[in-house]
Amino acid sequence: MKISRATITLIDLPLLEPFVVSYDSYASMPSIILTLETDDGLTGYGESVPDGHITGETPTGTVEALRTELIPAVLGLDPRDITAVHQHLNKALKGCGAAKAAVDIACWDLAGKAANRPIYSLLGGRRPEHPTIARVMSILAPEALAEQAVQARSQGFRHLKMKLGGGDGLDVERVRAVRAAIGTDLAIRVDANQGWSDPATAREMIRALEPYGIDWVEQPLHADDIDGFRLLRQATGARLMADESVVDAADLVRFVRDRSVDMVNLKLMKSGGITPCHRMATQAELGGLKVQIGSMLETSIASSAGFHLALSHPNIVSTELSGPVKFAREPGNLAYVLPEVHVGEGPGLGVDVDRDVLADLTVSECEVMA
Ligand SMILES: [Mg+2]
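Residues numbered from 1 in each chain as written. Predicted model: local features only at pLDDT ≥ 70, side-chain atom pairs only at ≥ 80, totals over all residues. Heavy atoms only, no water.

## A closer look at the packing of aromatic side chains
Under the counting rule described, the total for this entry stands at two aromatic pairs. Measuring from ring centre to ring centre gives 5.2 Å for phenylalanine 229 and phenylalanine 255, while their planes differ by 90°; the resulting arrangement is edge-to-face. With a gap of 26 residues between them, phenylalanine 229 in helix H8 (residues 226–235) and phenylalanine 255 in helix H9 (residues 249–258) connect regions that are remote in the sequence. In this structure phenylalanine 229 comes out as buried when scored by relative accessible area, which is 0%. Where phenylalanine 307 meets tyrosine 336, the ring centres are 6.4 Å apart and the plane angle is 70°; that geometry is what we call edge-to-face. With phenylalanine 307 in helix H12 (residues 300–312) and tyrosine 336 in strand E12 (residues 335–337), the pair connects residues that are 29 residues apart, well separated along the chain. For phenylalanine 307, a relative accessible area of 0% corresponds to the buried category. Above the ring of tyrosine 120, the side-chain terminus of arginine 126 is found at 5.6 Å from the ring centroid. (Phe/Tyr/Trp six-rings, centres within 6.5 Å; stacked < 30°, edge-to-face > 60°. Helix = DSSP H or I, 4+ residues; strand = E, 2+ residues; numbered from the N terminus. Buried < 20%, exposed > 50% of the residue type's maximum accessible area, 1.4 Å probe, protein only. Lys NZ or Arg CZ within 6 Å of the ring centre and 35° of its normal.)

As structure tokens, this is what we get:
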């Protein structure tokens, strides 16, 4: 079985409501769907959702990276030889985690389809319970967040993830309003997305949030402020999570060495797909850090890939892949039975891709073949 042809489709996904985080605001999400075909007639799907703020990749740049460098590097390879696939990708281009993730995911989909087994089965089998997701809340007015929290409770969610770091001085009021609205019914975690300017500010914020019972504080500081995490660790008792600070294995090593966080948020789009994230989850386990698998708001394709990985690895204790419930339309059919996610048991990703929906959302498309 050899990779013989690739179709790279840039799409634009309509969001149900605008998504607002500390560093940007989105009305819709661009995504790149990769279709890989093999010489024996199998079709596998991958996806790339680049975030320029985190890996420096853009949608059109990612299409070009795939078209001119990464796909030519893997044409003719057996997609089941995933180590060789990554060696070829890494030789062709440094970094570019989101672009490489599309190739990695499509190869795992093909490997599963060839073996007639779901991806989690190829990764060592799955835990029995379904993964869950948190309701992810944008940076909005405190009253609007309180309303959303009550709505989330009625929808069955058990966890809220509040985006903070908006720089308007209302972060503590946001959390206070939400806690007042829902009592202790739901757990709350917060993500500042690097939005608190320095360790002293972050320390003050974390102390001010203490009365409201926060599970953990994600990325309080700028991605490069590795020393700042050490200072925060000494100054507060809060559980800390690194996200933007951990893109590749070398970043993770620094946090393992410093023991300055409790958890890391790994994303297929930062690190190049299932294969590198599986390795990093083991690396974190050996260093005593727990892992969450997050996402950049991806369709059912990359979201499923993240869940297959999470189900298979005992050190992955949390999943936040909520893209499909935030889109008005998307080409896949991963089943969200909130707050649970029922991962498909079919071969590969276990996702059916609706080519008509894909065509409707398409901005541009190109093909690369051997
Ligand atoms: Mg985050």
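The rest of the description comes next.
## Quick word on the UniProt feature "domain: Mandelate racemase/muconate lactonizing enzyme C-terminal" (unreviewed entry) in the protein
Following the UniProt record, the feature "domain: Mandelate racemase/muconate lactonizing enzyme C-terminal" (unreviewed entry) maps to residues 142–239 here. Note that residues 142–239 is 47% helix and 15% strand, and that its end C-alpha atoms are spaced 24 Å apart. (UniProt positions renumbered as here; feature names shortened; annotations may be inferred.)

## What to know about the pattern of salt bridges
One pass over the full model with this rule turns up 23 salt bridges. Close ionic contact of arginine 67 with glutamate 64 constitutes a salt bridge, the shortest N to O distance being 2.8 Å. Of the two residues, arginine 67 and glutamate 64 are both situated in helix H1 (residues 59–74); the distance of three residues between them amounts to about one turn of the helix. Glutamate 64 gets classed as partly exposed once you look at its relative accessible area, which sits at 36%. Notably, a salt bridge pairs aspartate 78 with arginine 80, separated by 2.8 Å at the nearest N-O pair. (Salt bridge = Lys/Arg side-chain N within 4 Å of Asp/Glu carboxyl O.)

## As for the packing of H9 against helix H11 (residues 274–287)
At a closest axis distance of 10 Å, the pairing of H9 and H11 adopts a crossing angle of 10°. Put simply, H9 runs roughly parallel to H11. Along the contact surface, H9 presents Ala249, Leu252, Val253 and Val256, while H11 presents Met280, Gln283, Ala284 and Gly287. Here the residues of the contact of H9 with H11 are counted per class, giving six nonpolar, two polar and no charged. (Axes fitted to C-alpha atoms, helices over the stretch in contact; angles between N-to-C directions. Parallel < 35°, antiparallel > 145°, perpendicular 65-115°, else oblique. Contact = heavy atoms within 4.5 Å. Nonpolar A, V, L, I, M, F, W, Y, C, P; charged D, E, K, R; others polar.)

## So, the side chain of aspartate 104
On the secondary structure map, aspartate 104 appears in helix H3 (residues 97–115). Buried and unpaired, aspartate 104 has no salt bridge, with arginine 279 as the nearest side chain of opposite charge at 9.1 Å. In terms of polar contacts, aspartate 104 uses its side chain to reach the side chain of threonine 275, at 2.5 Å. The residues contacting aspartate 104, other than those within four sequence positions of it, are Ile82, His86, Gly272, Gly273, Ile274, Thr275 and Pro276. (Lys, Arg positive; Asp, Glu negative; His and termini not counted. Polar contact = N/O pair within 3.5 Å; in protein donor to acceptor, adjacent residues only side chain to side chain.)

## Quick look at the domain arrangement of the protein
The assigned domain composition of the protein is domain 1 (3–116 + 355–369) and domain 2 (121–341). Here the C-alpha centre of domain 2 lies 24 Å away from the C-alpha centre of domain 1. Facing the 40 residues of domain 1 at the interface are 38 residues of domain 2. Roughly 3100 Å² of surface becomes buried between domain 1 and domain 2 when both sides are summed, with 70% attributable to carbon and sulfur atoms. At the boundary of domain 1 with domain 2, the tally comes to two salt bridges. Its salt-bridge partner being glutamate 17, residue arginine 135 comes within 3.7 Å of it at the nearest N-O pair. (Domains from an automatic or database assignment. Buried area = accessible area lost by both parts, 1.4 Å probe.)

## Overview of unusual backbone geometry
Apart from glycine, the bulk of residues carry a negative phi angle, and the bulk of peptide bonds sit in the trans form. With omega at 5°, the peptide bond leading from leucine 338 into proline 339 counts as cis. Counting through the fold element by element, proline 339 comes out in the loop between E12 and strand E13 (340–342). Here asparagine 193, not a glycine, exhibits a phi torsion of approximately 45°, which is positive. Assignment of secondary structure puts asparagine 193 in the loop between strand E6 (187–191) and helix H7 (199–209). Of note, glutamine 219 is a non-glycine position whose phi angle comes to about 40°, a positive value. Among the secondary structure elements, glutamine 219 is positioned in the loop between strand E7 (214–218) and H8.

## Thoughts on the sheet that holds strand E2 (residues 24–38)
Two modes of strand pairing occur in sheets, parallel and antiparallel, and in both the strands are linked by backbone hydrogen bonds. Across the sheet, four strands lie side by side as E3-E2-E1-E14; this open sheet has antiparallel pairing. Looking at the sheet topology across the chains shown, the edges are occupied by strand E3 (43–48) and strand E14 (362–369). Going from strand to strand, the sheet's axes swing by 25° on average, the running direction of each strand aside. Sheet topology places strand E1 (residues 3–21) next to E2; 14 bridges connect them, and they run antiparallel. In the strand pairing of E2, leucine 13 is matched with methionine 29. In the packing of H3 onto the sheet, the strands contacted are E1, E2 and E3, and the crossing angle to E3 comes to about 155°. (Pairing = 2+ DSSP bridges.)

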